[in-house]
Every structure is written in C-alpha cells, then in structure tokens.
Amino acid sequence: MQSVNIAPVVKQPSKVKLIDVARAANVSAATVSRLVSGQATVDPQTRERILKAAVKLGFDLERGKKSRIIAFLLSNRGVLHPFHSSVLMGVEAYCAEHNYALLFLPFQYSTNAPTDELKLPEILNRSRIVSGVIAAGTNSQNLLDLLSKRGTPWVGLGNNVIGNGAEDHHGLIYFDDVTGAYELTRYLLSLRHKQIAFIGNLSLPWYARRHEGYCRAMTEAGLAPQESELNSRDGEEMGYLAAKLLLQQTPVPTAIFAGDDAAARGVYKAARDLEINIPNQLSVVGFNDTPDAPALQPPLTSVKVFTDELGKQLAESLLKRISRPDLPLKDLLLPTQVVRRESCAPPSQSPKLT
C-alpha cells in the first residue's frame, strides 16, 4: 500500500484589522473608523494614539481613503501671481509623478480672525476628497492652527506666514531670502555704493525678511540703512511712489534695493519720469527673478528663488506627512542665488532731478 505524505498545515498570520488598531490604542473601533473616514473630528491626543498604534501594527490608515488629491491653497494673493504660479508648476509636476491630482483653491480670509471663526472652502471639509493641503500665498497662524485642529495634513510656505506664529509650527518650507538679500546688498557694496535705499512694505513678512538681510550687510559695512516704507500690497505702485520720494531726499541714493521684481518695475518707471539713467546714475536690484526681470531694459539684477524645487519640496513633504503622520515634522531652508545683470554699475554721478 502506497503511503501518502501529508504536509503540515502552516497557519498564516492573520491580517491586521481596524479592530486590532482600536484595541492597541484603547479606543473603540467606531473612533478609528471616524478618523479613517474623516466624518468627524477626533480629539488630537486620541488621534495621536491611534496613529502610533497603526504604525506599530503596520496598518495603513490611508487605505480606507480613496482620495489621491491635494489642495494648493493660495491665500490672500492674486490668482495669477507670477511667483506662486511658478511654485504651483513645481507642485503639479511632483504630484503627477506620484499619481496625485492637484486642486487649486484661491482663498481670501482675515489673518486677524479667531481660528474658530474661519470658514474653509467647503471641499476641504471632506477628507475623503482632499488628502492634504499646501498653504501658499499669505497666511497666518489662525489658518495653520485650524488645519492642525481638524487633523488635516498640511505644509506651508514659511516665508509668507504673517505674525509670530510660524515658530509654533513645524513642517514649513522656506527659501533663504535673508541670505539672498544680504548677498545682494554686499554686491552693491562691492561696486562702491554707500547710499543704498531699500523699498518694501515691512508689515509683510517677505519684505521684512529681505530688509533684515539688507540691514545686516549695511551695518557690517558701517553704513546707515535707508528705506522708504509704504503700506501697499501693489508692488509696482509701491516701487514707483517710494522711488519718487527717495530721489527727492538728501542724500540721494545711488542704488535702490526693491523688495521684489514688481517693486523694481515701479522704480524703473519713476527713473524714466525723472530722466535718470539706469545704471549710470542709479543702480536697481530686485528679488524673486521672475520672467519680467531679464525682460526689463536694462535687464534687472535680482535674486533667484528656485521655485520648481520649492514646489517639489512642498509636495514631497506633504505626501510624506500623509503617508507617515507619526514622523517628526522638520522645517527646510532652500538656498537662493544672486543673478547679476546690467541694472547695476559703480556710482558715477548722483541722480539729479530736472
């Protein structure tokens, strides 16, 4: 009689279920289900316990969500703002490579409003549709607090956060505008300029940060900073009016550091009105190196922000935060680069009004 060898039955490890995560976190299965579905807000401490338990057990909380959409929230800025449009392209390219769709959402809100009074765009209230948010444009702590309170994964452009709230959050991506402004001012100093004026609305964080770098370079050179501050959000108008005022003062500046390229365009217009030659009588520099910078006559010296890389880093950080919410959040600082063009020359003759 032929014997038959019967292989021992090997018990396969059981698949981790939602109820297992609930037991490990000492919460009900319904609570875990609410967190996965996004149907209701879960207490932050409870949410943290659930996330840690899920990671420990190897349970992907995101598998219950079908959305692969992230929102690019452009707050309190013009829809066609050239700088943010370029950042958006970097975000979109990275998302496409990683099979995520991008939803563009213009959003206007009061940066002084209490957190509980903010009303997000309705689609952001549906976590099964939108998996996370990139906060671009001009933002303040109240929006960041609201997103955190709701358990919405987010990252933000740190340079444009108003107030002192940025240091209370992690996961912000910065470009190094302070060092860029410092190096740009040092370039003007190397051309032997001493009367260098700064133009910018210092109530706005991006101008304030650039002013910081400018002041550091001027102080190190033993020179007094000179600025014209107008509380305008229109860069070109601000640059035009501020330059008109500066060029009537004594001593007259031989160089103007415009806080962004839009303000530099305004300086160019003012110089033309006053029949002042750039760069022979007045050197002008800007910031952001937008496509308009090399198109100006003469082409504008500016500071390049690597917007494609900035967009990529924002998207990459957000996708990491979505997939691994247990990981500690880190800020990131990207370098900038001074781009020298024909708008600068050594001072030869002070501008004179005709």
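Everything below is about the structure printed above this text.
Report on the accompanying structure.

### Regarding the overall build of the chain
Next up, step 1: A tally of helices and strands in the chain yields 11 helices and 14 strands.
Next up, step 2: Here the chain holds 354 residues, and the buried ones make up 50% of them.
Next up, step 3: Summed over all atoms, the accessible surface of the chain reaches about 17,700 Å², with 51% contributed by carbon and sulfur.

### A look at the sheet that holds strand β1 (residues 69-75)
Next up, step 1: As summarised here, the arrangement of the 6 strands in space is β2-β1-β3-β5-β7-β13, forming an open sheet in which the pairing is parallel. Unpaired on one side and paired on the other, β2 (101-107) and β13 (332-334) mark the two borders of the sheet. Strand-to-strand twist across the sheet, computed as the mean angle between neighbouring axes with direction ignored, equals 20°.
Next up, step 2: Bridging between β1 and β2 involves 7 bridges; their strand directions are parallel. When the bridges of β2 are listed, Ser75 appears paired with Phe107.

### Some thoughts on the sheet that holds strand β11 (residues 283-285)
Next up, step 1: Spatial ordering of the open sheet is given by β9-β8-β10-β11, a layout of 4 strands whose pairing is parallel. Among the strands making up the open sheet, the edge pair consists of β9 (226-228) and β11. Averaged over all pairs of adjacent strands, the angle between their axes in this sheet comes to 25°, without regard to strand direction.
Next up, step 2: Pairing of strand β10 (residues 255-258) with β11, which is carried by 3 bridges, proceeds in the parallel orientation.

### Brief notes about the nonpolar core
Next up, step 1: Grouped together as the largest cluster of nonpolar side chains are 42 residues, with contacts concentrated most on Ile70, Ile134, Phe257 and Leu310.
Next up, step 2: Once residues within four sequence positions are removed from consideration, Phe257 is found in contact with Ala181, Leu184, Thr185, Ala197, Phe198, Ile199, Tyr214, Val285, Gly286 and Phe287.
Next up, step 3: Membership of the second largest hydrophobic core comes to 26 residues, among which are Tyr207, Ala242, Val284 and Leu300.

### Remarks on the packing of aromatic side chains
Next up, step 1: All told, the structure shown has 7 aromatic pairs when counted by the stated rule.
Next up, step 2: When the ring of Trp206 is compared with that of Tyr207, the centres are 6.0 Å apart and the planes differ by 45°; the resulting orientation is tilted.
Next up, step 3: Look at Trp206 and you get buried, because its relative accessible area is 6%.
Next up, step 4: By relative accessible area, Tyr207 is classed as buried at 3%.
Next up, step 5: Measuring from ring centre to ring centre gives 6.3 Å for Tyr214 and Phe257, while their planes differ by 85°; the resulting arrangement is edge-to-face.

### Concerning the packing of helix α6 (residues 177-190) against helix α7 (residues 205-220)
Next up, step 1: For the pair α6 and α7, interaxial distance at closest approach is 7 Å and the crossing angle is 40°. By the criterion of interaxial angle, the relationship of α6 to α7 is oblique. Note that α6 runs across α7; the crossing there is right-handed. Contact residues: Asp177, Val178, Ala181, Tyr182, Thr185, Arg186 and Leu189 in α6; Trp206, Arg209, Arg210, Glu212, Gly213, Tyr214, Arg216, Ala217, Met218 and Glu220 in α7.
Next up, step 2: Of the residues belonging to the contact of α6 with α7, the class tally is 8 nonpolar, 2 polar and 7 charged.

How each quantity is defined
Residues numbered from 1 in each chain as written. Predicted model: local features only at pLDDT ≥ 70, side-chain atom pairs only at ≥ 80, totals over all residues. Heavy atoms only, no water. Helix = DSSP H or I, 4+ residues; strand = E, 2+ residues; numbered from the N terminus. Buried < 20%, exposed > 50% of the residue type's maximum accessible area, 1.4 Å probe, protein only. Areas by Shrake-Rupley, 256 points an atom, 1.4 Å probe, with all protein chains shown as cover. Pairing = 2+ DSSP bridges. Axes fitted to C-alpha atoms, helices over the stretch in contact; angles between N-to-C directions. Core = buried A, V, L, I, M, F, W, Y, C linked by side-chain atoms within 4.5 Å. Contact = heavy atoms within 4.5 Å. Phe/Tyr/Trp six-rings, centres within 6.5 Å; stacked < 30°, edge-to-face > 60°. Parallel < 35°, antiparallel > 145°, perpendicular 65-115°, else oblique. Left-handed = near helix turned anticlockwise from the far one by under 90°. Nonpolar A, V, L, I, M, F, W, Y, C, P; charged D, E, K, R; others polar.

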